Amino acid sequence: MGRKINLERPKKGPGRKARKQPEPVFTFSKNEDEDSKKKLSRHQVQRLKKREIVKVQKKEEKKTKKALQKATNPPANTFDPTELFNVEKSRQKYQQLAQKSKQQVPASNGHQNGTAKKNRNLFDSDNEMDEDDQPASKVSTDGARVKKSQMKKFLQQADSGDEDDSDEDEMDSDVDEESVESDENDYEDDEEVDEEEEGDEMDDDEEDDYDQDDDEDDDDEDDEDDEDDEDDEDDEDDEDMLPIEAANKKLRKRMEREQKDADDEMAEAAVNRERFAFPSDEELAQTTSLQDVHIRIKDVIGVLADFSVNRDPNRSRCEYIELLKKDLCLYYSYNDYFMGLLMDIFSPNELLEFLEASEIQRPVTIRTNSLKTRRRDLAQALINRGINLDPIGKWSKEGLVVYTSQVPLGATPEYLAGHYMLQGGSSMLPVMALAPEENERILDLCAAPGGKSSHIAALMKNTGVLFVNDANKERLHAVVGNFHRLGIQNAVVTCINGIKYGDIMKGFDRVLLDAPCTGSGVISKDPSVKATKTEIDVQRCYNLQRRLLLAAIDCLSANSPTGGYLVYSTCSILPQENEWVIDFALKQRNVRIVPTGLDFGVEGMTNFGPHRFHPTMKHTRRFYPHTHNLDGFFVAKLQKFSDAIPKSAVVDPAEEEQTEEEEIKLPKKIDKRDWYYKDIIEERKAKRADTNHVVTVFQKPTNVKKGTKSNKQEKQSAPAQKEEEKQPAGTKIPKQASTNGTKQRSVPESKMNKREAEEALRLKKKLKKVQEQNGKATGFDKTKKMAGKQKQGVKKDTFKKKVGKVRKAN
Ligand SMILES: C[S@@+](CC[C@H](N)C(=O)[O-])C[C@H]1O[C@@H](n2cnc3c(N)ncnc32)[C@H](O)[C@@H]1O
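As the structure is a computational prediction, the values presented were derived from the model and not from experiment.

Peer 1: Mind showing me how you'd approach the overall build of the protein here?
Peer 2: The number of helices and strands found in the protein is 36 helices and 15 strands. Of all 810 residues assigned to the protein, the portion counted as buried reaches 40%. A separation threshold of at least 6 residues defines the contact pool for the protein, and within that pool the share at least 24 residues apart is 71%. Here the protein has roughly 47600 Å² of accessible surface; of this, 51% comes from carbon and sulfur atoms.

As C-alpha cells, then:
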C-alpha cells in the first residue's frame, strides 16, 4: 500500500501504523521509471504503455480544444488561481448553492413543499438505543436509510482522518479516487511481482481470466481517467490540501459536471419533445390502456405548469383541468366529487404525489406503553424476536417503526403483556399536542378503540381521572380490552352521544376530540373512501364535527389551573372538516387557537377558496402521506378563555331539537286563557280538522293500510328531511314543532306535511275572523270550549267510540 511521506504537517500522535512501520525511504533516482518497469510483468508493462498513450492523446486533444476555444471565445472573467486554493471560500459557495436550490423548490397553496421537507427529514435524527442519534429518514424508506448510513460512514471517516493522521492512508483509499487507483495498481503490481518471483505458478487459463479481469478494470480506470482528466491539472494544488478537502473539491466538481449534463439533457428533451395535443372526443373514447392515461396525466400537468407557452390556443385552462380530473379519476379510481375536493387543496404536481402516496401503505408503527416498559427495552426484546425496527423519529419518545417482522405484531408476548400498542405514527400527534399532565381531569370524547386514550393515560402516569367516551358500544369493547392489557387504572368508560356529554359532566382540564371524519387522510388503509364518499357524506361529517366541537368546548373549564385546552383532530385532509370547523368554533365560543407544540407538519390554511379563516389558523398542523410518510392528519389546539357563551352564537341544531322535544311535553291541563298556549290550541284545532291527522293520531298504525294518504305523506316528507340534513349547521331549517299534547307514534310530528298544516291553520284563522265579524262571539267561545274538551278528553272520546263500537257489535 502506498504511503505518503510526512514532509510538512506535524504528526498529531503516533498512530497504529506509524508505530509498526518505519518512515518510507524514497530514492529519487532518475531512472525510476525504468527501475519500476523492470519489476513489472509483461502484461503490466503493456497496460502501462497503453495508459500512457491514451493519456498523452487526451492531453493533446484537450490542448487543441482549449486553443480553439480561446481563439473563438476569449474568457470573460480572468482566472483567479487563489480561488482554487481557497477551500473555505469554495465551501461557502457550495453551501450557498445548496441553500439556493432548496429555496427554489416552489410552495403550493401556502404549504411547505414535500421535497423540501424530505430533505429536512433526511438529516433529522433520534435514536435512544444507538447514541440517541439515528436518522428520521429511516422511517421513510430503506433507500434513504442506506444513503444516510453512507453519509454517516463518510463523516465518520472524515472525522477519524482529521483526528488521527495514522489512519490517513485508509481514508485516502476511501475518498481519493486517484490514490485508490494508484494504490490498487501498486498492490496488484506487488502481488504479481511476488507471484512471478515465486515461479509463475499460475495456470495459463487462470492467467487469461485474470488478464480479462484486468482489461475490464482497465476500461473502468479509463472511464475514471476521463472523468478525472480535468482534475489532473489541479493535482499539484491538491497536494497542499488535506485529503478530505481534496476529496470534497473533486466531489463538488463532479456534482457540478453531472448537474450540467442533466440540465443539458433536460433542455434537449424539452426541445425534442412533441407538443401535447389536446385529444379529441374520439381519441378520448378510444383510450383503452391505463398507461396511456398515465402519460396523458403527466402531459397535461406539464402543460398546466407553463400554460401560456404549452397550451393549445383553442382550449381553455378549465378544459385541461377537466381532462386531468377525468384521467386522475380513471387512473386512481376516485369519484369525480372527491377528486374535485383534492384538486381544491393541492397543485397538480403535489396532487399527483399525494395520490401516489395514498396508494402505498404507511410503515407499521407501534407505541411503547410507558406504564410498563421503556422504548429501549422493548426494542431490544423485539429485535431478539427477529423484528427489524427503528425509532419513529426525533419527534416521538415512544414510537417505533417496524420494517420487517417474522412474527405477527399483535401476538408477541410483549404485546400480550401490554408493552406496546399498535398505533399509526400520526395518531400519536394529537395526544402530544394535548400534553396531558398528572392528576388532571381529562375527557376523550370520541375514544374507541382507545389508541389515543391509552396514550393519554400513560402520560398521566395512571393518575387523575380519564373519562373515555364513545357513542358506539361495540367499539368500546375494544377500549376495555386494550385498557386491561395496558394496565390502565385511571379511566372511566362511558357510552354517550358526545353532543350531549356536557349535560352529564363539565369542568375538564383538557379535552381531546378525535372526531369521526371522511378518512380522506387514510385512503391507503381504506381505499373505499376514494369511490364512495359523496357531498352528503362530507356535509354530514362537518355538521357532526361542529356539534361535537361545541359540546367538547362546553365540557372544558376555562378556569382550570393547569389547562383549559382542547385538541381537535381528524384523519382527514379536507379543510371543510378541519379549518372550517375550527373557524366555526372560534365564532361560537370563547376559545383561541394556540400552537400545537409539534415542531413539524404543514401550517393550517388561512384561506381556502372564497373562505378566509382566522390568521392564527397557521398554528394548526396538517400532515400528509407524501410529505411526512404519515397518515393524513389535522391537529388544532384551542384554549378556552371564558366559560360564557357569546351572545352572537347561533343556536346549535342539537339544542334546537332538544327544545322541540321539550315543547311536546306540555302540561296535561292547559289554561285556555293563557296567551302562551293560544297558538298551540289553535294549531291543534286545525290539525284535528284535518282528517289525515285524526287518522294518524287516533288510529293504531296497524290499521293504516299501505299506500294510504298518510303513508304517502310520510314518504313525500322524507326527501325534504334529507334536504334538511344537507344544510350546514346554523342554516338548518327548524323542524315544525309538534303541537298536540301527545307524542305521535304512528307518524312522527316532524314528518307532517308542513305546508298542509300551515294552510289549515290559515283557513281556521280566517274562519275565526269571519265568525267574529258576524258577531258570533259566543260561538267562538263554544269552539274554544269544545277544543278544550276535546283536548282533555282525547282518550275519553276514543274510549267512548271504541266502547260504542263494541256495544253495537254486541
Ligand atoms: C376517529 S374515531 C376515534 C379514534 C380514537 N380516538 C382512537 O384513537 O382510537 C371516531 C370515533 O367517534 C365515534 N363517534 C361518532 N359519533 C359520535 C358521537 N356523536 N359521540 C361520540 N362518539 C362518536 C365513533 O364511534 C368512532 O369510534
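Picking up where we left off.
Peer 1: Just checking my understanding: could you explain the site of the ligand for this structure?
Peer 2: Taken together, 19 residues are adjacent to the ligand, and Asp470, Arg475, Asn497, Gly498 and Asp514 come closest. Between the ligand and alanine 448, the relevant distance is 3.3 Å, taken from an oxygen atom to a main-chain nitrogen or oxygen of the residue. At 2.7 Å from an oxygen atom of the ligand is found a side-chain nitrogen or oxygen belonging to arginine 475. Protein chains shield 85% of the accessible area of the ligand, which is 600 Å² for the free molecule. Here the shell around the ligand is composed, by residue class, of 10 nonpolar, 5 polar and 4 charged.

Peer 1: Would you mind showing me how to read the sheet that holds strand 2 (residues 388-391) here?
Peer 2: Within a sheet, neighbouring strands are paired by backbone hydrogen bonds and run either parallel or antiparallel to one another. The strand order across the open sheet built from 4 strands is 2-3-1-4, with neighbouring strands paired in antiparallel fashion. Pairing within the sheet leaves two strands with one partner each, and these edge strands are strand 2 and strand 4 (420-422). Averaged over all pairs of adjacent strands, the angle between their axes in this sheet comes to 30 degrees, without regard to strand direction. Sheet topology places strand 2 next to strand 3 (residues 399-404); 4 bridges connect them, and they run antiparallel. Its bridge partner being in strand 3, proline 391 is matched across the sheet by leucine 400.

Peer 1: What should I look at first to understand the packing of helix 15 (residues 290-305) against helix 19 (residues 348-357) in this one?
Peer 2: Any two packed helices are characterised by the angle at which their axes cross and by the distance between the axes. It is the contact of helix 15 with helix 19, at a shortest axis distance of 9 Å, that shows an interaxial angle of 150 degrees. Relative to helix 19, the element helix 15 lies roughly antiparallel. Residue-level contacts link His294, Ile297, Lys298, Ile301 and Leu304 of helix 15 to Pro348, Asn349, Leu352 and Glu356 of helix 19. Class assignment of the residues belonging to the contact of helix 15 with helix 19 gives a composition of 5 nonpolar, 2 polar and 2 charged.

Peer 1: For this particular structure, what's the right way to read a negative patch on the surface?
Peer 2: Taken together, Glu258, Asp261, Asp263, Asp264, Glu265 and Glu268 make up a surface patch of like negative charges. Take glutamate 258: it is sitting in helix 13 (residues 243-272).

Peer 1: I keep staring at the UniProt feature "binding site: S-adenosyl-L-methionine" (unreviewed entry) in the protein and nothing clicks. Help me out?
Peer 2: Within the UniProt annotation, "binding site: S-adenosyl-L-methionine" (unreviewed entry) is assigned to Cys446, Ala447, Ala448, Pro449, Gly450, Gly451, Lys452, Asp470 and Asp514. Spatially, the listed residues are clustered: although they cover 69 residues, their C-alpha atoms lie within 12.7 Å of one another. Residue position: aspartate 470 is located in the loop between strand 6 (465-469) and helix 24 (473-486). Not counting chain neighbours up to four residues away, the residues in contact with aspartate 470 comprise Leu445, Cys446, Ala447, Ala448, Leu476, Thr494, Cys495 and Ile496. Here the side chain of aspartate 470 touches asparagine 472 through a polar contact of 2.8 Å, landing on its backbone nitrogen.

Peer 1: Explanation requested: the pairing of strand 1 (residues 364-368) in the structure shown.
Peer 2: Among the 5 residues that make up strand 1, 4 are buried, leaving the element largely enclosed by the rest of the structure. Where strand 1 and strand 3 come together, 4 bridges link them in antiparallel fashion. By the bridge assignment for strand 3, isoleucine 366 is matched with leucine 400.

Peer 1: I tried to follow the packing of aromatic side chains on my own but got confused; where do I start?
Peer 2: Two aromatic rings are characterised by how far apart their centres lie and by the angle between their planes. A complete count under the given rule lists 13 aromatic pairs for this structure. Both rings, one in phenylalanine 467 and one in phenylalanine 508, keep their centres 5.4 Å apart while their planes meet at 75 degrees; by these two values the pair is edge-to-face. Of the two residues, phenylalanine 467 is situated in strand 6 and phenylalanine 508 in the loop between helix 25 (501-504) and strand 8 (510-514); the sequence distance between them amounts to 41 residues. Taken as a pair, phenylalanine 467 and phenylalanine 508 share a single burial class, namely buried. Arranged with centres 6.5 Å apart and planes meeting at 70 degrees, the rings of tyrosine 568 and phenylalanine 634 form a pair that is edge-to-face. Of the two residues, tyrosine 568 is situated in strand 9 (residues 565-570) and phenylalanine 634 in strand 15 (residues 633-640); the sequence distance between them amounts to 66 residues. Judged on exposure class, the residue tyrosine 568 and its partner phenylalanine 634 are both buried. Lying across the ring of tyrosine 415, arginine 485 places its NZ or CZ 3.8 Å from the centre.

Peer 1: Please clarify how the packing of helix 15 against helix 17 (residues 317-332) should be interpreted in this entry.
Peer 2: Close contact between helix 15 and helix 17 brings their axes to 9 Å; oriented N to C, the two are set at 145 degrees. Both helix 15 and helix 17 take part in a crossing whose hand is left-handed. Residues Leu290, Val293, His294, Arg296, Ile297, Val300, Ile301, Val303 and Leu304 of helix 15 form the contact with helix 17, whose own contacting residues are Arg317, Tyr320, Ile321, Leu323, Leu324, Asp327, Leu328, Leu330, Tyr331 and Tyr332. In the contact of helix 15 with helix 17, the residues fall into 15 nonpolar, 1 polar and 3 charged.

Peer 1: What exactly am I supposed to notice about the pattern of salt bridges here?
Peer 2: As a working rule, side chains carrying opposite charge can pair if their charged atoms are close by. This model, assessed by the stated rule, comprises 15 salt bridges. Here aspartate 327 and arginine 296 are joined by a salt bridge, their closest N and O atoms 2.8 Å apart. Of the two residues, aspartate 327 is situated in helix 17 and arginine 296 in helix 15; the sequence distance between them amounts to 31 residues. A single burial state applies to aspartate 327 and to arginine 296, both of which are buried. In this structure, arginine 589 and aspartate 554 form a salt bridge, with 2.8 Å as the shortest nitrogen-oxygen distance. Residue arginine 589 is located in the loop between helix 28 (579-588) and strand 10 (591-594), and its partner aspartate 554 is located in helix 27 (residues 535-555); the two are separated by 35 residues in the primary sequence. Residues arginine 589 and aspartate 554 agree in their burial class; the two are buried.

Peer 1: Where do I start with the pairing of strand 6 in this structure?
Peer 2: Looking down a regular strand, the side chains alternate between one sheet face and the other. Burial of strand 6 is extensive: 4 of the 5 residues sit out of reach of the surface. Both strand 5 (residues 441-444) and strand 6 contribute to a ladder of 4 bridges, which runs parallel. Across the sheet, leucine 443 pairs through a bridge with phenylalanine 467, a residue of strand 6. Handedness of the crossover joining strand 5 and strand 6 through helix 23 (residues 451-459): right-handed. Alignment of strand 6 against strand 7 (residues 491-494), held across 4 bridges, turns out to be parallel.

Peer 1: Hey, could you run me through unusual backbone geometry in this one?
Peer 2: The bulk of non-glycine residues show a negative phi, and the bulk of peptide bonds are trans. Omega for the peptide link from alanine 448 to proline 449 comes to 5 degrees, which places this bond in the cis form. Its location among the elements puts proline 449 in the loop between strand 5 and helix 23. Of note, asparagine 439 is a non-glycine position whose phi angle comes to about 65 degrees, a positive value. Within the secondary structure, asparagine 439 is located in the loop between helix 22 (428-434) and strand 5. A positive phi angle, near 55 degrees, is found at lysine 461, a position not held by glycine. Secondary-structure assignment places lysine 461 in the loop between helix 23 and strand 6.

Peer 1: Looking at this structure, how should I read helix 15?
Peer 2: Residues spaced three or four apart along an α-helix point in a common direction, a consequence of the helix completing one turn every 3.6 residues. Under the 1.5 Å per step criterion, the end-to-end length of helix 15 is 23 Å for 16 residues, consistent within 8% with the ideal 22 Å. Taken residue by residue, helix 15 has Val293, Arg296, Ile297, Val300, Ile301, Val303 and Leu304 as its buried positions. Down the axis of helix 15, the sector holding all buried residues measures 155 degrees, keeping them to one side. In helix 15, the exposed positions that point more than 90 degrees away from the buried face belong to Gln291 and Ala305. Against helix 14 (281-286), helix 16 (307-310), helix 17 and helix 19 lie the buried residues of helix 15.

What counts, and at which threshold
Residues numbered from 1 in each chain as written. Predicted model: local features only at pLDDT ≥ 70, side-chain atom pairs only at ≥ 80, totals over all residues. Heavy atoms only, no water. Helix = DSSP H or I, 4+ residues; strand = E, 2+ residues; numbered from the N terminus. Buried < 20%, exposed > 50% of the residue type's maximum accessible area, 1.4 Å probe, protein only. Contact = heavy atoms within 4.5 Å. Areas by Shrake-Rupley, 256 points an atom, 1.4 Å probe, with all protein chains shown as cover. Near = heavy atom within 4 Å. Polar contact = N/O pair within 3.5 Å; in protein donor to acceptor, adjacent residues only side chain to side chain. Nonpolar A, V, L, I, M, F, W, Y, C, P; charged D, E, K, R; others polar. Pairing = 2+ DSSP bridges. Axes fitted to C-alpha atoms, helices over the stretch in contact; angles between N-to-C directions. Parallel < 35°, antiparallel > 145°, perpendicular 65-115°, else oblique. Patch = residues over 30% accessible without salt bridge, like charges linked within 9 Å, V, L, I, M, F, W, Y side chains within 5 Å. Salt bridge = Lys/Arg side-chain N within 4 Å of Asp/Glu carboxyl O. Lys, Arg positive; Asp, Glu negative; His and termini not counted. Charge placed at Lys NZ, Arg CZ, Asp CG, Glu CD. UniProt positions renumbered as here; feature names shortened; annotations may be inferred. Phe/Tyr/Trp six-rings, centres within 6.5 Å; stacked < 30°, edge-to-face > 60°. Lys NZ or Arg CZ within 6 Å of the ring centre and 35° of its normal. Left-handed = near helix turned anticlockwise from the far one by under 90°. Right-handed = clockwise from strand over helix to strand, strands pointing away. Expected span 1.5 Å × (residues − 1). Arc of directions from axis to C-beta.

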